Amino acid sequence: KKINLAICGLGIYANIVAESMQGSEYCHLAGIVTGTPSKAVKWKDRYNIPEKNIYNYENFDEIINNKDIDMVYVILPNSLHKEFVIRSAKAGKHVITEKPMAINVKECEEMIKACNDNKVQLAIGYRLHYEPTHLEIKRLGQEKVFGQVRYIESSLGYKTYDTIAKTPVDINSPANWRLNKKLSGGGPLMDLGIYCIQASRYILGEEPISVTAQFGTINDKNRFSETEESISWQMKFPSGAMANGNTSCGYNIDRTYASADYGSFELSPGLSYGPYEGKTSKGPLKFPPIKQQQKQLDEISKLLLENKQLPNHITGEEGLKDIKIINAIYKAAETGKKVSLS
Ligand code: NAD
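This text gives an overview of the structure that appears in the document. All values derive from a computational prediction rather than experimental measurement. (Residues numbered from 1 in each chain as written. Predicted model: local features only at pLDDT ≥ 70, side-chain atom pairs only at ≥ 80, totals over all residues. Heavy atoms only, no water.)

Focus: the overall build of the protein
The secondary structure content of the protein amounts to nine helices and 15 strands. A buried classification covers 55% of the 342 residues belonging to the protein. Taking all contacts inside the protein whose residues are at least 6 apart in sequence as the whole, residues at least 24 apart take part in 70%. Between the centroid of the 43 positive side chains of the protein and the centroid of its 39 negative side chains there is a distance of 2 Å. (Helix = DSSP H or I, 4+ residues; strand = E, 2+ residues; numbered from the N terminus. Buried < 20%, exposed > 50% of the residue type's maximum accessible area, 1.4 Å probe, protein only. Contact = heavy atoms within 4.5 Å. Lys, Arg positive; Asp, Glu negative; His and termini not counted. Charge placed at Lys NZ, Arg CZ, Asp CG, Glu CD.)

A short note on the site of the ligand
The full set close to the ligand counts 24 residues, and Ile12, Asn78, Lys99, Arg127 and Trp177 are the nearest of them. One of the backbone N or O atoms of lysine 99 is found 2.8 Å from an oxygen atom in the ligand. Between the ligand and arginine 127, the relevant distance is 2.6 Å, taken from an oxygen atom to a side-chain nitrogen or oxygen of the residue. Within the complex, 83% of the 840 Å² of free accessible area of the ligand lies under protein. Breaking the shell around the ligand down by element, the ones donating at least two residues are helix H1 (12–20) and helix H7 (188–204). (Near = heavy atom within 4 Å. Polar contact = N/O pair within 3.5 Å; in protein donor to acceptor, adjacent residues only side chain to side chain. Areas by Shrake-Rupley, 256 points an atom, 1.4 Å probe, with all protein chains shown as cover.)

Some thoughts on helix H4 (residues 105–117)
Each α-helix winds once per 3.6 residues, and so residues spaced three or four apart point in a common direction. An ideal rise of 1.5 Å per residue puts 18 Å on 13 residues; H4 measures up with 18 Å between its terminal C-alpha atoms. Of all the residues in H4, the buried ones are Val105, Glu107, Cys108, Met111, Ile112, Ala114 and Cys115. Looking at the buried residues of H4, the elements they touch are helix H3 (81–90), strand S5 (94–97), strand S6 (122–124) and helix H9 (316–335). Where H4 begins, the side chain of asparagine 104 points an oxygen toward the backbone nitrogen of lysine 106, at a separation of 3.3 Å. Looking one or two places after H4, you find lysine 119, whose phi comes out positive at around 55°. (Expected span 1.5 Å × (residues − 1).)

With respect to the packing of aromatic side chains
All told, the structure shown has six aromatic pairs when counted by the stated rule. Pairing phenylalanine 60 with phenylalanine 84 gives two aromatic rings, centres 5.7 Å apart and planes at 50°, and the pair type is tilted. Taken as a pair, phenylalanine 60 in the loop between strand S3 (54–55) and strand S4 (71–74) and phenylalanine 84 in helix H3 lie far apart in primary sequence, 24 residues in all. Pairing phenylalanine 146 with phenylalanine 265 gives two aromatic rings, centres 6.2 Å apart and planes at 35°, and the pair type is tilted. Remark: phenylalanine 265 occurs in strand S12 (residues 263–267) and phenylalanine 146 occurs in the loop between helix H5 (132–142) and strand S7 (149–157); sequence separation between them is 119 residues. A relative accessible area of 7% means that phenylalanine 146 is categorised as buried. (Phe/Tyr/Trp six-rings, centres within 6.5 Å; stacked < 30°, edge-to-face > 60°.)

What about the nonpolar core?
Grouped together as the largest cluster of nonpolar side chains are 72 residues, with contacts concentrated most on Trp233 and Ile329. A total of eleven residues in this core trace back to one element, the largest contributor, which is H7. Both of domain 1 (3–127) and domain 2 (132–287 + 313–340) provide at least three residues apiece to this core. Residues within four places of isoleucine 329 in sequence aside, it is in contact with Leu189, Ile197, Val211, Ala213, Ile231 and Trp233. Within the second largest apolar cluster, 28 residues are counted, among which are Leu5, Trp43, Tyr47 and Met71. (Core = buried A, V, L, I, M, F, W, Y, C linked by side-chain atoms within 4.5 Å. Domains from an automatic or database assignment.)

Quick notes on the sheet that holds S12
Spatial strand order, S14-S13-S12-S11-S7-S10-S9-S8-S15: nine strands in an open sheet with mixed pairing. Two strands bound the open sheet, and with one partner strand each, they are strand S14 (283–285) and strand S15 (339–340). Of the strand pairs in this sheet, S7 and strand S10 (residues 242–248) are connected by seven bridges, and their pairing is parallel. From the neighbouring strand, serine 155 faces S10, where its bridge partner is asparagine 246. (Pairing = 2+ DSSP bridges.)

A few points about the packing of H1 against helix H8 (residues 292–305)
It is at 7 Å that the axes of H1 and H8 come closest, and there the two elements cross at 70°. Taken as axis vectors, H1 and H8 run roughly perpendicular relative to one another. Across from Tyr13, Ile16, Val17 and Ser20 in H1, the residues of H8 making contact are Gln292, Gln293, Gln294 and Leu297. Each residue belonging to the contact of H1 with H8 can be placed in one class, and the counts come to four nonpolar, four polar and no charged. (Axes fitted to C-alpha atoms, helices over the stretch in contact; angles between N-to-C directions. Parallel < 35°, antiparallel > 145°, perpendicular 65-115°, else oblique. Nonpolar A, V, L, I, M, F, W, Y, C, P; charged D, E, K, R; others polar.)

Details of the sheet that holds S3
Spatially, S3-S2-S1-S4-S5-S6 is the arrangement adopted by the six strands of the open sheet, whose pairing is parallel. Looking at the sheet topology across the chains shown, the edges are occupied by S3 and S6. Here strand S2 (residues 27–33) runs beside S3; their pairing, made up of two bridges, is parallel. Residue pairing for S3: isoleucine 32 is matched across the bridge by isoleucine 54. Its contacts with the sheet place H8 against strand S1 (3–8), S2, S4, S5 and S6, and it is angled at close to 150° to S4.

Here we look at unusual backbone geometry
Note the cis peptide between lysine 99 and proline 100, where omega equals -15°. Along the chain, proline 100 turns up in the loop between S5 and H4. In this chain, glycine 274 is followed by proline 275 through a cis amide linkage whose omega measures 0°. Mapped onto the elements, proline 275 comes out in the loop between S12 and strand S13 (278–280). Non-glycine residue lysine 119 carries a positive phi angle of around 55°. Here lysine 119 lies in the loop between H4 and S6.

Written out as structure tokens, the structure reads:
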């Protein structure tokens, strides 16, 4: 038996998930939810999806009557995660939502409550929690293989536009939802910086107690009129460890470095889709690439089939922790003051 999954929102990442999960042992792509009829036709043919398992955003709630769908994967713009997680929960379906979980703490709490009330499980699409290189840096840090980690640097950024050409963009276009604060909740911190926050947290196995932060330069004021172009932040942890984070839509960067009492380890690249390059102070750190989304869905589905609880590090509570930290980082950058997280 497999968990039958419906993907909600058929954009770029949904395509990556659907391709990756082909050949999955425990999860089957059984349904879709889309507002675009032409995509419904394409996906129906490509993945052999029965007509009765195709929904749009209006008739989606009818999924409650569809016993052939066990779980919904919400891969919509960030501000739509809440609505579709809650509608899935009310329809009695387990649900995975993409990161960031939602655009504020209140939304996360409502999502967790809806899933608890309806006795369904909620997971966040933290694909790197299943990736061997990341499981290894988590082990190196948390098992103190090189002693206590004292300092982490983690950055992820992509140059998303040409600074010279300054291609005009319509920030109200659905294609540019990431630049529209109502839809995205924020800029690269929500989209990419969340991976740096995650890496720092799972290398240390600790939660930050305070943050400071600074917005970077806005080179394209038209494009970044609502969301930040770049932001840097510093997190202090109970052990005394410090983590510097950095994210941008204006330049390319992808590296994570941890310095511990008796050595160090690092990945570059390490937060994109892979393959990853890494090393420790003792030698190379490299694992064969895996199908990340397939592994993620297989592990989640296997636990659901066994009627087991999903592990804490991928649940809604985990997603909420990241949103609280992101909130604190924005507050620190806006006020120029240290923000406490305790
Ligand atoms: P995308 O723009 O490619 O896809 C968004 C989809 O939502 C499109 O199919 C669009 O038609 C649909 N949509 C429905 N209502 C919309 C509206 N009001 N405005 C705009 N689009 C609307 O985006 P994406 O890159 O696939 O990102 C979707 C989600 O997946 C985001 O939450 C993002 O953070 C997450 N994501 C995760 C990863 C990962 O590695 N885990 C990678 C990329 C994206």
